[in-house]
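# Descriptive structure summary
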Amino acid sequence: MTGVLIVGASGYIGKAVASACRRDGYTVYAQSRNASKTQEFTKEEFIPLICDPTDANALATVIPHCQFVIDCTSVIMDGEKIPNACLEAIRSCEVHKDKHYIFTSGLLVYGDVPDQSVNEEMPRKHPMLGGRIEIEDMLLNPSMDVKCTVLRPGMVYGKSGGGVATSMLFMQQQLSEGIIQIGGNPQRRWSWVHIDDLAEAYVSVMHRTKMTAGRAYDLAENSGPTYEEVKVAAAKAMGGGDLKIEYSEAEHVLDVISNVTVVITGKRARDELGWVPRHNGVVSDMALYYNAYKASLGE
């Protein structure tokens, strides 16, 4: 079986990608800082690698067994340390020309594009994500000696919900106070992607390694509700009735970074990966996603 190292395998995206790879028959090496994840990883048929994701020497111990290294950490601050460690680990292998590094970025790198759908050929200009854009440019440079692919998921939803569910959707305190707080532009829109659809996209990239090396792919539905529509749907799913909407300037860091409109065409992923999202969208099944989120918290 072909091996794959998932860096950040205990995270929201990383766990889903690791599971998708295992279902597809890959031997999965699952990296986490947390030793308590060892039993969970083993139960899922992953081989645990407990180390810091910036420790190139530790990552290098499993590289000879892996064709793919998938970075699912999505770190924004000091984000170059993990890609550099992954690349160093790959290069430490005596023969690394068949190794393939897949980096998880995100649609927000495009910045605010309110008047048209974006595609991979358009400039990336988010003023707060310059470091991530530099990483993308490094990985996609034709002179790069390691095969690299950059994946840009939209806002990810479903199952446990990740940080978006906790920080932007299901905010119980606001609901108990009878309000919906919307920071930033309430009419901003993003493309969304269900976590299971996203995980399958990674596998599609791995199946097409010759085509996908040196390429970037936007991964999301090619439409997007407004932020206000999403927040209202989330409040209704939580049992809210007539709630007052309070508008404010974007202050929370996630509101500031996401205070942009980004909706994709999705054409490259459809044409080159044969990948099309199969879920119905974040708003239409919000009650289902809220129940899954609650269950993940043990409620």
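It should be noted that the structure appears before, not after, this text.
Cut-offs and rules
- Residues numbered from 1 in each chain as written.
- Predicted model: local features only at pLDDT ≥ 70, side-chain atom pairs only at ≥ 80, totals over all residues.
- Heavy atoms only, no water.
- Axes fitted to C-alpha atoms, helices over the stretch in contact; angles between N-to-C directions.
- Helix = DSSP H or I, 4+ residues; strand = E, 2+ residues; numbered from the N terminus.
- Left-handed = near helix turned anticlockwise from the far one by under 90°.
- Contact = heavy atoms within 4.5 Å.
- Nonpolar A, V, L, I, M, F, W, Y, C, P; charged D, E, K, R; others polar.
- Pairing = 2+ DSSP bridges.
- Buried < 20%, exposed > 50% of the residue type's maximum accessible area, 1.4 Å probe, protein only.
- Right-handed = clockwise from strand over helix to strand, strands pointing away.
- 1 Å grid on protein atoms, 1.4 Å probe; cavity = no way out; pocket = protein on both sides within 12 Å on 5 of 7 lines; lining within 4 Å.
- Points joined across faces, edges and corners; volume = space filled by probe spheres on them.
- Phe/Tyr/Trp six-rings, centres within 6.5 Å; stacked < 30°, edge-to-face > 60°.
- Arc of directions from axis to C-beta.
- Core = buried A, V, L, I, M, F, W, Y, C linked by side-chain atoms within 4.5 Å.
- Salt bridge = Lys/Arg side-chain N within 4 Å of Asp/Glu carboxyl O.

Right, let's talk about the packing of helix H10 (residues 227–237) against helix H13 (residues 286–296) for a bit. Each pair of packed helices gets described by two things: the angle between the helix axes and the distance between those axes. Look at H10 against H13: their axes get within 9 Å of each other, and the N-to-C directions meet at 60 degrees. When you trace H10 past H13, the crossing you get is right-handed. In contact with Val 230, Ala 233, Ala 234 and Ala 237 of H10, H13 contributes Met 286, Ala 287 and Tyr 290. Classifying every residue of the contact of H10 with H13 gives seven nonpolar, no polar and no charged.

What follows covers the pairing of strand E3 (residues 46–50). Across five bridges, the pairing between strand E2 (residues 27–32) and E3 is parallel. When the sheet's bridge partners are listed, Val 28 is paired in E3 with Phe 46.

Let us look at the pairing of strand E6 (residues 147–153). Burial runs high along E6: six of the seven residues are buried. Where strand E5 (residues 100–104) lies against E6, five bridges are found, and the strand directions are parallel. Residue pairing for E6: Ile 102 is matched across the bridge by Thr 149. Once the chain exits E5 it traverses helix H5 (residues 130–140) before rejoining the sheet at E6, and the crossover so formed is right-handed. Taken together, the five bridges between E6 and strand E10 (residues 215–219) define a ladder with parallel strand orientation. Its bridge partner lying in E10, Leu 151 is registered against Tyr 217.

Looking at where Met 122 falls in the secondary structure, it is placed in the loop between E5 and H5. Take Met 122: its relative accessible area is 17%, and that puts it in the buried class. Between the alpha carbons of Met 122 and Pro 142 there is a distance of 18 Å; along the sequence they are 20 residues apart. The contact partners of Met 122, leaving out residues within four places of it in the chain, are Tyr 110, Val 113, Gln 116 and Ser 117.

Turning our attention to the layout of surface pockets. One number sums up the size of the largest pocket: a volume of about 870 Å³. Around the largest pocket sit 33 residues that line it, and Ile 13, Ser 74, Gly 163, Val 164 and Leu 254 are the ones nearest its centre. Every element with two or more residues in the lining of the largest pocket is listed here: helix H1 (12–23), strand E7 (155–157), helix H6 (162–169) and helix H11 (253–257). Of the residues forming the lining of the largest pocket, the biggest block, four residues, is contributed by H6.

Another aspect to go through is the packing of aromatic side chains. Enumeration over the complete set of coordinates arrives at seven aromatic pairs. Judged by centre distance (6.1 Å) and plane angle (55 degrees), the rings of Phe 41 and Phe 46 are tilted. Residue Phe 41 is classed as buried on the basis of its relative accessible area of 1%. The exposure class of Phe 46 is buried, given its relative accessible area of 5%. Arranged with centres 5.2 Å apart and planes meeting at 50 degrees, the rings of Trp 190 and Tyr 227 form a pair that is tilted.

For the rest of this paragraph, the subject is H6. Within H6, the full set of buried residues consists of Gly 162, Val 164, Ala 165, Met 168 and Leu 169. Axial view of H6: buried residues confined to an arc of 120 degrees, hence all on one face. Check the buried side of H6 and you find it contacts H1, E7, strand E9 (192–194), H10, H11 and H13.

Formed by 71 residues in total, the largest nonpolar core has its most connected members in Ile 6, Cys 21 and Ile 70. By residue number, the principal contributor to this core is helix H8 (residues 195–207), which donates eight residues. Once residues within four sequence positions are removed from consideration, Ile 70 is found in contact with Val 4, Leu 5, Ile 6, Val 7, Val 17, Cys 21, Ile 102, Tyr 202 and Met 206.

Moving on: the pattern of salt bridges. Evaluation of the coordinates by the stated rule reveals 16 salt bridges. Across the pair Arg 152 and Glu 136 runs a salt bridge whose closest N-O atoms are separated by 2.7 Å. Of the two residues, Arg 152 sits in strand E6 while Glu 136 sits in helix H5, which places them 16 residues apart along the sequence. The exposure class of Arg 152 is buried, given its relative accessible area of 1%. Residue Glu 136 is classed as buried on the basis of its relative accessible area, which comes to 0%. Each of Arg 124, Glu 136, Asp 137, Arg 152 and Asp 218 takes part in a single network of salt bridges with overlapping partners.

Read these as geometric descriptors, not functional statements.
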